[in-house]
There are 4 protein chains.
Amino acid sequence: MDMGFIGLGNMGSGMASNLLAAGHRVTAYNRSQDKVDALVEAGARPARTVADACGGEAVISMLANDAAVEAVTFGADGIIANLPKGAVHVSASTISVALAERLATAHTEAEQRFVAAPVFGRPEAAEAAKLFVVAAGDPAAIRDVSPLFDAIGQRTFAVSDDPTAASLIKLSGNFLIASVIESLGEAMALVGKAGVDKQQYLDILTSTLFGAPVYQTYGGLIARDEFEPAGFAATLGLKDVRLVLEAGDELRVPLPLASLLRDRFLTLLATGGEHLDWSAVGALSAWEAGGRSPVG
Amino acid sequence: MDMGFIGLGNMGSGMASNLLAAGHRVTAYNRSQDKVDALVEAGARPARTVADACGGEAVISMLANDAAVEAVTFGADGIIANLPKGAVHVSASTISVALAERLATAHTEAEQRFVAAPVFGRPEAAEAAKLFVVAAGDPAAIRDVSPLFDAIGQRTFAVSDDPTAASLIKLSGNFLIASVIESLGEAMALVGKAGVDKQQYLDILTSTLFGAPVYQTYGGLIARDEFEPAGFAATLGLKDVRLVLEAGDELRVPLPLASLLRDRFLTLLATGGEHLDWSAVGALSAWEAGGRSPVG
Amino acid sequence: MDMGFIGLGNMGSGMASNLLAAGHRVTAYNRSQDKVDALVEAGARPARTVADACGGEAVISMLANDAAVEAVTFGADGIIANLPKGAVHVSASTISVALAERLATAHTEAEQRFVAAPVFGRPEAAEAAKLFVVAAGDPAAIRDVSPLFDAIGQRTFAVSDDPTAASLIKLSGNFLIASVIESLGEAMALVGKAGVDKQQYLDILTSTLFGAPVYQTYGGLIARDEFEPAGFAATLGLKDVRLVLEAGDELRVPLPLASLLRDRFLTLLATGGEHLDWSAVGALSAWEAGGRSPVG
Amino acid sequence: MDMGFIGLGNMGSGMASNLLAAGHRVTAYNRSQDKVDALVEAGARPARTVADACGGEAVISMLANDAAVEAVTFGADGIIANLPKGAVHVSASTISVALAERLATAHTEAEQRFVAAPVFGRPEAAEAAKLFVVAAGDPAAIRDVSPLFDAIGQRTFAVSDDPTAASLIKLSGNFLIASVIESLGEAMALVGKAGVDKQQYLDILTSTLFGAPVYQTYGGLIARDEFEPAGFAATLGLKDVRLVLEAGDELRVPLPLASLLRDRFLTLLATGGEHLDWSAVGALSAWEAGGRSPVG
């Protein structure tokens, strides 16, 4: 498919590479040009502006937050002003429910199609084309871009005609991961202070009821106090918890565990952990229990 | 092995049956006699008193809480007064760290051996001999009773010479399960109120990062609002969270998520949910969000 | 002083009356005209538009939330477009730190002056001219409008040159009140379930260490389960807690008690308490302890 | 009145001095003898054992926790074994509801009388005879010892025939104080980080809705970061919050704010603040917001 790709960060560069590998013609845009150059060597065409990336049948945006998505979507040089009628904007970023709704409306008005398709997986999964895609929007549009999903992920879930549903599911998924981080952080602070070996403890957990990737990955990082380099930055963790809380506010759903996580992320950032992986939240219990700070 | 089994409840009856099936000679005791009769049909010898169950090389106790374990262990008719020197008391119950310590000391003074061996798994796993055994105590004693562990479980972890470690690990495991219940309860209250189908949502979770039994089992119960019959009663959930908090207090480890869970269990019990499965805690978020109470 | 007054709700009507009583010439605007008519009988001049109220040396706005303040301030018919150069806009509303900052900038650009002057006190205090005014902004501007503050309040605190400081202090004050509501709610749920008379309990508290108006007022409402009519609506309580949390997010200050309050307000609103006084949050503990809901 | 006084700590020494000053004949006991010597100079008779202090019409015990009260009450040398029939044991300590119940039963069995009379006030109030006494028990017994209450306090509240009620009220009062500490700690962390002067902020609060001793005293300590010497030690704060939570557990009342306080106290103690005043909990928010620890 002739397509554009906007946003070549930790996640996006792996996704774009896999699209190229699958035979799609990718025109790639990134704010800093060096990431584009790397992809051009793999066969991509470079885009100097967002508009340059909007000439094909579809464009995927994969950016860090609402503001970045808004910046490339609206305005004279944005996706909406430059994408052909009938073409599809696939938003793979983790964005707020409110923005998902706004994007859907704006693309419909411009006679374009919009699919919200946030992905589950860390950068290694993006590189290995092992992401999970949660897609929502017009069923025909989802079908048309499904070859792109096949190129980047191991499975696609079409969940709803309403793009906001995909946003909410993705955000709630990140909330669930952060909940695992917090619960493991507390449990390891407890058994660790009693002298139990954290790695052996994790082996028991993952051999029994907790044999899911999320426990293996994050449990390992917490057991080893290994929070750099950041696969998913603490600032992004806070952003997603904030968006979950905003969705809860809008829908009037109290979320005490999300509230706890919010305070944890603020503590981590306020005490110097901005550069750490979000799993560093799992080291705050041990710190409060008299151990050392994840910031060191 | 010639052994006794004390406590034929939800978990214990399955365990004792599997010990019989594996060829061990089991003398079984239970406070209410009808449970004993059922097991006698499967080949067990009935014990009228705790002392009757203490004549062999080992005795396993599997009871609901500290008080029940204390009642069968101490006093003239208790395990300590009646178990032969050198024989092993295997405590499979989930008990407090403090009681584990007290039992270890008392058995040593009586020249008996003590192994703390709490198990992971629900009644179905007990029946299917699929439990996980976390054993701590004298390594020779653990080795001597390992045929019993093989008969009831799929795997045994020998974690420490110190019996309290097994207690703490088991308690923290139940804390982690309760954390999953709470986090799923909040997430499902949120996406459910937005119109997402809870069962489909759970399918996405368990297909991606959350593919562990704990998500499948408890997520299913919450998605279906199915809290009866209680596989593990809410009162026992509160008991275990309370013991985790007590261990945290003793070791000076703040545990905000465990504190949240304590309040959740108290709410569930105070509003009439005493008879429900502990996963009913996962329905409290939806109730607070304006939905119906798990009590109905 | 020749002045305008915008917003004749629960608080504003009392304030405007007191300004009239003190001899100021008040041109009053309100979205619904009947409130204006009542004030005209007391001597005010009616304004048909916001612009009509902006002809004097100062204009006070007293509105329910950020959106309402934005609506009367910006745009062709707004305060900024119509207030004379050098005149002062006094914002007495409880608004976000972000909006305080935006207003300050906009008025400076328009060569007008801006004073943030939120007030402490319930409608009865507004009527009795017993408010406390927390003013921040250009010292000369504060001095110029101090006769207005004298007419509506018992004391004015000039806290900073920076208008956002007044906003933050006001919001944090409401957070402290809500904290008292929550703590009294929990304490009364506890002693009440033990059979202690709530009113006698409150008498002990206010005779000893807790002899402040905030305990008397809110403790009485909670002890009597008296949440209607709403002196300060639950929706406004949620708004202010939300703004405190946003300020904490911006400044990176974790606020676990504010997080708890947020969830309490969401629960109250989600279960039908939108019309109640914010003190109804203090009845949620008793509800969760098995008592009846404040909604009835 | 001819009476004994047991426990000459921070609080007890002031109380005993005031009993002497009011003309009562006080036989004083303390575990470490030097405190007794100081009081003997003021006119007290020294007791070498608890039994020595039990010869009069009444004995007051004022000790740090349940264990200390149990140690002087039960056993051959304890109050119960040595107090004359009909004499009154006044327990002024802050003790658990469970112990209050146990003491009431034991004294009744010994044909003695028991009054639970915990006091509100810090050591300065004890010294100045300005305590508030919350008394519960047999009305005749309360009447008989009321001259003692008059000597140590400014007012006595007779709340119930049931001694446990006084215990619960006292514990809940300490919970409310700790709640004020936490809420002020969060508010000051927030406004302080925004550059507002903490002392001026406190002045505004106490001039308006928060003009109670509890805000003045604890607000001042937090604003000045002045946590030594400890008027009421952090360890005692944790003890009382723990007792409140236990009472809540027994009565099935969820107490999320008390749960938060428990975690705060554990954090304070785990990070080295055992020697600090309990108001140091109010410095933890600023610490988590990137400021310095109250431990320094």
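Residues numbered from 1 in each chain as written. Chains lettered and ligands numbered in written order. Predicted model: local features only at pLDDT ≥ 70, side-chain atom pairs only at ≥ 80, totals over all residues.

**So, the overall build of chain A**
Within chain A one finds 13 helices and 9 strands. In terms of C-alpha radius of gyration, chain A reaches 20 Å, essentially the compact-globule figure of 19 Å for 296 residues. Of all 296 residues assigned to chain A, the portion counted as buried reaches 62%. For chain A, long-range pairs separated by at least 24 residues make up 64% of all intrachain contacts whose partners lie at least 6 apart in sequence. (Helix = DSSP H or I, 4+ residues; strand = E, 2+ residues; numbered from the N terminus. Rg over C-alpha atoms; globule rule 2.2 N^0.38 Å. Buried ≥ 20, exposed ≤ 12 C-beta atoms within 10 Å, placed from the backbone. Contact = placed C-beta atoms within 7 Å.)

**Overview of the UniProt feature "active site" (unreviewed entry) in chain A**
All names here are of chain A. Here the UniProt-annotated "active site" (unreviewed entry) positions come out as Lys-170. For Lys-170, the position within the fold is in helix α8 (residues 163–193). Beyond its immediate sequence surroundings of up to four residues, Lys-170 is in contact with Thr-94, Pro-118 and Val-134. (UniProt positions renumbered as here; feature names shortened; annotations may be inferred.)

**Overview of the interface of chain C and chain D**
Each partner contributes residues to the interface: chain C has 53 residues there, and chain D has 53 residues. Secondary structure elements with two or more residues in the side of chain C that touches chain D: β8 (131–137), β9 (153–160), α8 (163–193), α9 (198–207), α10 (213–223), α11 (234–251), α12 (256–270) and α13 (284–288) of chain C. If one sorts the elements of the side of chain C that touches chain D by residue count, α8(C) sits on top with 17 residues. Of the residues contributing to the side of chain C that touches chain D, the split by class is 36 nonpolar, 11 polar and 6 charged. (Nonpolar A, V, L, I, M, F, W, Y, C, P; charged D, E, K, R; others polar.)

**Some remarks on the pairing of strand β2 (residues 25–29) of chain D**
Residue and element names in this part refer to chain D. With 4 of 5 residues buried, β2 lies mostly within the body of the structure. Bridging between strand β1 (residues 2–6) and β2 involves 5 bridges; their strand directions are parallel. Residue pairing in the sheet places Met-3 in a bridge with Val-26 of β2. Where the polypeptide runs from β1 across helix α1 (residues 12–21) and back to β2, its parallel neighbour, the crossover connection is right-handed. With 2 bridges joining them, β2 and strand β3 (residues 45–46) adopt parallel strand pairing. Within β3, the residue paired with Ala-28 across the bridge is Pro-46. At this point the chain moves from β2, through helix α2 (residues 33–41), to the parallel β3, and the crossover so formed is right-handed. (Pairing = 2+ DSSP bridges. Right-handed = clockwise from strand over helix to strand, strands pointing away.)

**Some remarks on the interface of chain C and chain B**
Each partner contributes residues to the interface: chain C has 6 residues there, and chain B has 6 residues. Here the residues of the side of chain C that touches chain B sort into 2 nonpolar, 3 polar and 1 charged.

**Some thoughts on the relation of the copies chain C and chain B**
For the pair chain C and chain B, the relating rotation is 180°, the translation along its axis is 0.0 Å, and the fit reaches an RMSD of 0.1 Å. The superposition operator between the copies reduces to a two-fold rotation axis. Residue C:Glu288 of chain C places its C-alpha closer to the rotation axis than any other residue of that unit, at 4.8 Å. Most of the interface of chain C is mirrored in chain B, where 100% of its interface residues are also at the interface. (Least-squares fit on C-alpha atoms with pLDDT ≥ 70 in both.)

**With respect to the packing of helix α11 (residues 234–251) of chain A against helix α12 (residues 256–270) of chain A**
All names here are of chain A. Two elements in contact, α11 and α12, have axes whose closest approach is 9 Å; the angle formed by their N-to-C orientations is 150°. Classified by the angle between their axes, α11 and α12 sit roughly antiparallel to one another. In the crossing of α11 with α12, the sense of the turn from one axis to the other is left-handed. On the side of α11, the interface is formed by Ala-234, Thr-235, Gly-237, Leu-238, Val-241, Arg-242, Val-244, Leu-245 and Gly-248, while α12 contributes Ala-258, Ser-259, Leu-261, Arg-262, Phe-265, Leu-266, Leu-268 and Leu-269. Among the residues making up the contact of α11 with α12, the classes are represented as 11 nonpolar, 4 polar and 2 charged. (Axes fitted to C-alpha atoms, helices over the stretch in contact; angles between N-to-C directions. Parallel < 35°, antiparallel > 145°, perpendicular 65-115°, else oblique. Left-handed = near helix turned anticlockwise from the far one by under 90°.)

**Structural notes on the relation of the copies chain C and chain D**
Copies of the same chain, two in number, are related to each other by a rotation about an axis and a translation along it. Between the two copies, chain C and chain D, the superposition gives an RMSD of 0.1 Å; the rotation angle is 180° and the shift along the axis is 0.0 Å. The fraction of interface residues of chain C whose copies in chain D are also interface residues reaches 100%, indicating that both copies meet through the same surface.

**Regarding the UniProt feature "domain: 6-phosphogluconate dehydrogenase NADP-binding" (unreviewed entry) in chain A**
As annotated in UniProt, the feature "domain: 6-phosphogluconate dehydrogenase NADP-binding" (unreviewed entry) corresponds to residues 3–157 of chain A in the numbering used here. A distance of 22 Å separates the end C-alpha atoms of residues 3–157 of chain A, which is 41% helix and 24% strand.

**Some thoughts on α11(A)**
Residue and element names in this part refer to chain A. Under the 1.5 Å per step criterion, the end-to-end length of α11 is 26 Å for 18 residues, consistent within 8% with the ideal 26 Å. Of all 18 residues in α11, 13 are buried, a share of seventy percent or more. The first or second residue beyond α11 is Arg-252, which carries a positive phi of 60°. (Expected span 1.5 Å × (residues − 1).)

**Some thoughts on the environment of A:Ala136**
Structurally, A:Ala136 can be placed in strand β8 (residues 131–137). Separated by 20 residues in sequence, A:Ala136 and A:Ala116 have C-alpha atoms that sit 5.3 Å apart.

**Some words on the nonpolar core**
Core analysis: the biggest nonpolar cluster contains 480 residues, and A:Ala28, B:Ala28, B:Ala135, C:Ala28, C:Ala135, D:Ala28 and D:Ala135 have the highest contact counts within it. In this view, B:Ala28 contacts B:Phe5, B:Leu8, B:Ala16, B:Val36, B:Leu39, B:Ala44, B:Pro46, B:Ala47 and B:Ala53; residues no more than four positions away in its chain are not counted. (Core = buried A, V, L, I, M, F, W, Y, C linked by C-beta atoms within 7 Å.)

**Brief notes about the domain arrangement of chain A**
Residue and element names in this part refer to chain A. Each domain of chain A was delimited in the assignment, giving domain 1 (2–161) and domain 2 (168–288). Each of domain 1 and domain 2 has a C-alpha centre, and these two points are 28 Å apart. Listed as interface residues are 11 residues of domain 1 and, on the opposing side, 14 residues of domain 2. (Domains from an automatic or database assignment.)

**Digging into the packing of helix α9 (residues 198–207) of chain B against helix α10 (residues 213–223) of chain B**
Residue and element names in this part refer to chain B. At a minimum axis separation of 9 Å, α9 and α10 run at an interaxial angle of 170°. Between α9 and α10, the angle is such that the two are roughly antiparallel. Residue-level inspection shows Lys-198, Gln-199, Leu-202, Leu-205 and Thr-206 of α9 in contact with α10, the latter providing Tyr-215, Gln-216, Gly-219, Gly-220 and Ala-223.

**Section: the environment of A:Gly248**
Among the secondary structure elements, A:Gly248 is positioned in helix α11. A sequence separation of 247 residues divides A:Gly248 from A:Met1, and the C-alpha atoms of the two residues are 38 Å apart. With sequence-adjacent residues up to four places away left out, A:Gly248 is seen in contact with A:Val253, A:Pro254, A:Leu255, A:Ala258, B:Leu190 and C:Leu266.

**As for unusual backbone geometry**
The omega torsion of the bond from B:Glu228 to B:Pro229 falls at -5°, within 30 degrees of zero and hence cis. Phi is positive for A:Asp225, which is not a glycine, with a value near 50°. Here A:Asp225 lies in the loop between α10 (213–223) and α11. In this structure A:Asp225 comes out as partly exposed when scored by C-beta crowding, with 16 C-beta atoms within 10 Å. Not every positive phi belongs to a glycine, and B:Arg252 is a case in point at roughly 60°. Looking at the element boundaries, B:Arg252 is found in the loop between α11 (234–251) and α12 (256–270). A residue is classified by how many C-beta atoms lie within 10 Å of it, and B:Arg252, with 19 of them, is partly exposed.

**Things to note about the environment of B:Ile181**
Residue and element names in this part refer to chain B. Along the chain, the position of Ile-181 falls in helix α8 (residues 163–193). With 102 residues separating them in the primary sequence, Ile-181 and Ala-283 have C-alpha atoms 9.0 Å apart. Look past the residues within four positions of Ile-181 in its chain and what remains in contact with it is Tyr-218, Trp-278, Ser-279, Val-281 and Gly-282.

**Digging into the confidence of the model for chain A**
On average, residues of chain A score 96 in pLDDT, and 100% of them reach the 70 mark or higher. Across the predicted assembly, pTM comes out at 0.93 and ipTM at 0.92. (pLDDT = per-residue confidence, 0-100.)

**Considerations on the pairing of β8(C)**
All names here are of chain C. Buried residues dominate β8, accounting for 7 of its 7 residues. Side-chain alternation along β8 places Leu-131, Val-133, Ala-135 and Gly-137 on one buried face and Phe-132, Val-134 and Ala-136 on a second face that is also buried. In this structure, strand β6 (residues 113–116) lies alongside β8, joined through 2 bridges in antiparallel fashion. Bridging across to β8, Ala-116 finds its partner in Ala-136. Alignment of strand β7 (residues 119–120) against β8, held across 2 bridges, turns out to be antiparallel. Bridging across to β8, Val-119 finds its partner in Val-133. Here β8 pairs with β9 via 6 bridges, running parallel. In the sheet register, Phe-132 faces β9, and the bridge partner there is Arg-155. In this view, the connection linking β8 to its parallel neighbour β9 by way of helix α7 (residues 139–152) has right-handed handedness.

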